[in-house]
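Residues per chain, in single letters:
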Amino acid sequence: MAKEKIFLNGLYINPPPQGIDWIICKIGINVDQLLQTLQNNNDERINLDVKRSDEGKYYAEVNTWKPDQNNNNNNNYNNNNNDNYNNQGGNYNNRNNFGRR
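Residues numbered from 1 in each chain as written. Predicted model: local features only at pLDDT ≥ 70, side-chain atom pairs only at ≥ 80, totals over all residues. Heavy atoms only, no water.

### Section: the overall build of the protein chain
When helices and strands are tallied, the protein chain shows two helices and four strands. In the protein chain, the order of α-helices and β-strands from amino to carboxyl end is β-β-α-β-β-α. For the protein chain, the residues scored as buried account for 16% of the 101 residues in total. Restricting the contact set of the protein chain to residue pairs at least 6 apart, pairs at least 24 apart contribute 37%. Carbon together with sulfur atoms contributes 44% to the accessible area of the protein chain, which is approximately 8,800 Å² in total. (Helix = DSSP H or I, 4+ residues; strand = E, 2+ residues; numbered from the N terminus. Buried < 20%, exposed > 50% of the residue type's maximum accessible area, 1.4 Å probe, protein only. Contact = heavy atoms within 4.5 Å. Areas by Shrake-Rupley, 256 points an atom, 1.4 Å probe, with all protein chains shown as cover.)

### With respect to the pattern of salt bridges
A complete count under the given rule lists one salt bridge for this structure. Residues Lys51 and Glu61 are paired through a salt bridge, measuring 2.8 Å at the closest nitrogen-oxygen approach. One end of the pair, Lys51, is in strand β3 (residues 48–52); the other, Glu61, is in strand β4 (residues 58–62), with ten residues separating them in the sequence. Look at Glu61 and you get buried, because its relative accessible area is 12%. (Salt bridge = Lys/Arg side-chain N within 4 Å of Asp/Glu carboxyl O.)

Structure below.
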């Protein structure tokens, strides 16, 4: 049985403009909706996967994967403790610098 997809209300992912290859996607934020969604969240962080539907529409889905407490397999791409994110200039621990390089 497939897990139910969870989306972040107030976050909108759109394809890049045609002919501009340095933009991966465009992100729109409805501040009021996103703040309400984040305030209702009990987790310290939310991981998102940006995906493309079969129809070609972009969307962000909450990644709910949690490591198996009994399995220490670190080979799963989800079990990277956000090292990949941090290496790209982001910093979860300092929200004032989020997304800045």
